[in-house]
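Coordinate analysis (summary)
Here is what each chain is made of, one letter per residue.
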Amino acid sequence: MAVPPEIEERVGDLRAEIDEHNRRYHVDDDPTISDAEYDALVRELRDLETEFPELITPDSPTQRVGAPVSTQFSEIRHRVPMMSLDNAFTFDELLDWGRRLERRLGSEGEAVGYVCELKIDGFAISLTYENGKYVRAATRGDGRVGEDMTANVGTIEAVPKKLAGKKAPSLLEVRGEVFMPIAAFEALNKRQADAGDRLFANPRNSAAGSVRQKDPSITASRELAMWTYQLGAVENGPSFKTHTETLDWMRGLGLPVNPEIRQLATLDEVYEYCRHWQEQRHDLPYEIDGVVIKVDDLRLRDELGATSHAPRWAIAYKFPPEERTTKLKEIMVSIGRTGKATPFAVLEPVFVGGSTVQMATLHNQDQVNAKDVRPGDTVIVRKAGDVIPEVVKPVLAERPKGLRAWKFPTKCPVCGGPLVRLEGESDTFCTNVDCPGQRWARICHFTSRGAMDIEGLGERTVSQFLEHNLIHDPGDIYSLDWDGVRALEGFGEISITNLQKSIEASKQRPLANLLVGLGIRHAGGTVSRLLAQAFGDLDALMAASEEEIAAVDGIGSIIARSVHEFFANPRNLEVIEKLRAAGLNFTGPERSTLPQTLAGLSIVVTGTLEGFSRDIIEETIKAHGGKAPGSVSKKTTAVVVGEGPGAAKLTKAQELGVPILDEEQFVKLLETGDLP
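Below: a short report on this structure. A quick note: this is a predicted structure, and the numbers were derived from the prediction, not measured. (Residues numbered from 1 in each chain as written. Predicted model: local features only at pLDDT ≥ 70, side-chain atom pairs only at ≥ 80, totals over all residues. Heavy atoms only, no water.)

**Some points on the overall build of the protein chain**
Filter applied, for reference: Helix and strand definitions follow DSSP, with helices as H or I runs of at least four residues and strands as E runs of at least two, each counted in order from the N terminus. Radius of gyration: C-alpha atoms only; globule rule: 2.2 Å multiplied by the number of residues to the exponent 0.38. In this scheme, a residue with accessible area under 20% of its type's maximum is buried, one over 50% is exposed, and one in between is partly exposed, where area comes from a 1.4 Å probe on protein chains only. Whether two residues are in contact is decided by their heavy atoms, any of which lying within 4.5 Å being enough. Surface accessibility follows the Shrake-Rupley procedure with a 1.4 Å probe radius. Residue values consider only the protein chains on display as shielding. Here the positive residues are Lys and Arg and the negative ones are Asp and Glu; neither His nor the chain ends is included. Think of each charge as sitting on NZ of Lys, CZ of Arg, CG of Asp or CD of Glu.
A tally of helices and strands in the protein chain yields 24 helices and 21 strands. A globule of 676 residues ought to have a C-alpha radius of gyration of about 26 Å, and the protein chain, at 26 Å, matches this closely. Buried residues in the protein chain amount to 51% of all 676 residues. Within the protein chain, contacts between residues at least 6 apart in sequence are counted, and of these 69% link residues at least 24 apart. Entry remark: accessible area of the protein chain is about 31,400 Å², with carbon and sulfur atoms responsible for 50%. Of the charged side chains in the protein chain, 79 are positive and 102 negative, and the gap between their average positions amounts to 3 Å.

Put into structure tokens, the structure is as follows:
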């Protein structure tokens, strides 16, 4: 059965929206929706992909981890990928996960054994020690490559600079969560308020922002802490049978391990642990938003394996969002870079989910109508530990008499142009392409971290420049009238010099960043990288037909149509020519000059190979044109087996009849492309 066009369109929209929220959360540290809203988007996408598996692509948010790294910091490749976790939102979903484990293990009715850990609402970090000495720290990034935070994380008192004991491994990679204790967060906001500076929204965002500083002394001043909870790569270390043993060993090395971790036998005990901490979460001196449940037996973990983005042996039980009531003062409408008009609620300040909130998104006209919220209502506000909460519903018993229903405006609140809702669409758009609101949003997107990363050209500065007619589109950034900038309040020679350097540095950003910055609908970070790699040059992409774009692995017809239409728009071409004249990098990463002997082949590697480090084996396969997935399936061409292979991958390969190669046979495959 063919996929209905509206389903394909919805999947494309969901992926673009989730990519945008991933960028804001992981790269900008500036999320704009709650955890609950984000989880709902991901679940809707996963449900549609389950119903229509032909729509699944490698770049789908359901198939990957985290978000691309920022250009602000150097990159560090994780020796063992930092995967995300699947979520359970009810005890029934947790039970379903447990039953799936039993079926996979063939152990129905037998106790599996679990470890429960508090899910710290912080910032994931990987620490690396060599011969017991701290040498590196990196963010999760996209799961494979993170940002170098070595100097900053090294200022955190809880992070040991030298491991305890006399038998530290030659290499240890350990994962953990950096967080800001509640008392430190409150003290930080008091200092910010006393200085007249912006307040931080919650401990999680303040922790992330504190770590991601170019000046480590700022990180050092923020009173951060850390819990470690998982081993990554270990060389010349002891062997373990259970996760509990690894945690005890980590404690012995002086690494901080949360004291509330428990080893439990059954899912009933797991539920009681989750219920207890859901009720007692605010008794802790730090924020938590759930519980992480892991299989304790490491042999069973190996047998269970992982999907493309998450281990099957672990799951996160997310606490329900917290709710409070407050007054809805006003409903306003914001205009995005595509002209999308989004209603949002202006609230009387209310403390919910660990922070004070004053605004909440209302999504679109249908949501406002369905909830029937009106300015002047007392409303229930739900928040799951993130920045912008959700207005759940009005408290009708407290509605003042005669309160009028809110009507969606017919004119843009920024430019006064018409707001139009297309037939069959849930969103409303400002149709004036010269709308100042759209211009502002487009330029802010262009300068953001995930795009051209122009430090010093934030939302407030963009507003100033637009107000004084110094810029009209992203291309004008590179021909600024600096005398005009000097005339503005707040711009001295030092700030101007810093901004000039930042603008000049942005000219060398990779092509993928430029594509993100252009704001092409559906072209987030992953899609932009795929396009940059496939075409290698912006002019080649601009000249490509819709069919040629759609032929790129991971790019579907909806994305291809959007990209092609973007480059057919004369206004967009004007901006691109300004960028060309300014000398921006239009050339993508070099394509491999190696023989494409593995083109069309899917190679899985398990164990350690003598001639290939873990860091480069995947790149070697891809450089020869192949794919390097993390698990074995019917589409796998061959499994390459080294020293200490995973039992689950070998068993799966044998069950499916997939050829198994040793290192010598793999080298011959690289040379010839022929299976032995």
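**A word on a positive patch on the surface**
Note the cut-off: Candidate patch residues must exceed 30% relative accessible area and have no salt bridge, after which like charges are joined if within 9 Å and Val, Leu, Ile, Met, Phe, Trp or Tyr side chains if within 5 Å. By definition, a salt bridge exists where a carboxyl oxygen of Asp or Glu is found within 4 Å of a side-chain nitrogen of Lys or Arg.
On the surface, a cluster of positive charge is contributed by Arg100, Arg103, Arg104, Lys634 and Lys652. Tallying contributions element by element places helix α3 (residues 91-105) first for the positive patch, with 3 residues.

**Observations concerning the packing of aromatic side chains**
Test applied: Here is the rule: rings of Phe, Tyr and Trp (six-membered ring for Trp) pair when centre to centre is within 6.5 Å. Planes less than 30 degrees apart are stacked, more than 60 are edge-to-face, and the remainder are tilted. Criterion for a charge above a ring: Lys NZ or Arg CZ within 6 Å of the ring centre, and within 35 degrees of the ring normal.
Under the counting rule described, the total for this entry stands at 12 aromatic pairs. A centroid spacing of 5.3 Å and a plane angle of 90° characterise the contact between Phe566 and Phe567, whose relative ring orientation is edge-to-face. Using a relative accessible area of 6% as the deciding quantity, one classes Phe567 as buried. Three or more aromatic residues joined by ring pairs make a cluster, and in this case those are Phe179, Trp227 and Tyr286. The aromatic ring of Trp313 is capped on one face by Arg301, whose charged end is 4.0 Å from the ring centroid.

**Describing the sheet that holds strand β9 (residues 262-264)**
Counted only if it meets this: Should DSSP find at least two bridges between two strands, the strands are regarded as paired. An axis is simply a line fitted to the C-alpha atoms; with a helix, the fit covers only the stretch in contact. Between two such axes, the angle follows the N-to-C directions and lies from 0 to 180 degrees.
Taken together, 5 strands build an open sheet; the order of strands is β2-β11-β10-β3-β9 and the sheet is mixed. On the outer flanks of this sheet lie β2 (87-88) and β9, each paired with one strand and no other. Bridge count between strand β10 (residues 288-295) and strand β11 (residues 314-318): 5 bridges; the pairing is antiparallel. Residue pairing across strands places Val291 opposite Tyr317, the latter belonging to β11. Relative to strand β3 (residues 114-120), helix α8 (residues 243-252) is tilted by about 55°, and along the sheet it contacts β3, β9 and β10. The strands touched by helix α9 (residues 267-280) within the sheet are β3, β9, β10 and β11, with β3 carrying the most contacts at an inclination of about 20°.

**Section: the environment of Lys635**
Looking at the secondary structure, you find Lys635 in the loop between α22 (617-623) and β20 (638-641). Overall, Lys635 belongs to the exposed group, its relative accessible area being 73%. Placed 174 residues apart in sequence, Lys635 and Thr461 show a C-alpha to C-alpha distance of 51 Å.

**Things to note about the environment of Ala568**
Inspection of the secondary structure assignment puts Ala568 in helix α20 (residues 557-568). Residues Ala568 and Val112, spaced 456 residues apart in sequence, show a C-alpha to C-alpha distance of 58 Å.

**Some details on the pattern of salt bridges**
Side-chain pairs of opposite charge can arise where the charged atoms are in close proximity. Taken as a whole and judged by the stated rule, the model has 35 salt bridges. Between Asp289 and Lys119 there is a salt bridge, with the nearest N and O atoms lying 3.2 Å from each other. Placement of the pair is Asp289 in strand β10 and Lys119 in strand β3, with a sequence separation of 170 residues. Note that Asp539 is salt-bridged to Arg580, the shortest N-O span being 2.7 Å. Here the residue Asp539 occupies a position in helix α18 (residues 538-543), and Arg580 occupies one in helix α21 (residues 570-582), the gap between them amounting to 41 residues. Given the relative accessible area of 32%, Arg580 is considered partly exposed.

**Thoughts on α21**
This is how the line gets drawn: To estimate the expected span of a helix, count its residues, drop one, and scale the result by 1.5 Å. Directions from the helix axis toward the C-beta atoms define the arc. Pairing of N or O atoms within 3.5 Å defines a polar contact, subject to two protein rules: one partner must be a possible hydrogen donor and the other a possible acceptor, and residues neighboring in sequence count only if both atoms are side-chain atoms.
Helix length check: α21 (13 residues) gives 19 Å between terminal C-alpha atoms against 18 Å at 1.5 Å per residue, within 8%. Along α21, the residues that are buried comprise Asn572, Val575, Ile576, Leu579 and Ala582. Burial along α21 is one-sided: seen end-on, the buried residues are contained in an arc of 115°. Opposite the packed face of α21, turned more than 90 degrees from it, sit the exposed residues Pro570, Glu574 and Ala581. Buried residues belonging to α21 abut α12 (436-447), α16 (511-518), α18 and α20. The opening residue of α21, the one whose side-chain oxygen lies 2.8 Å from the backbone nitrogen of Arg571, is Asn569.

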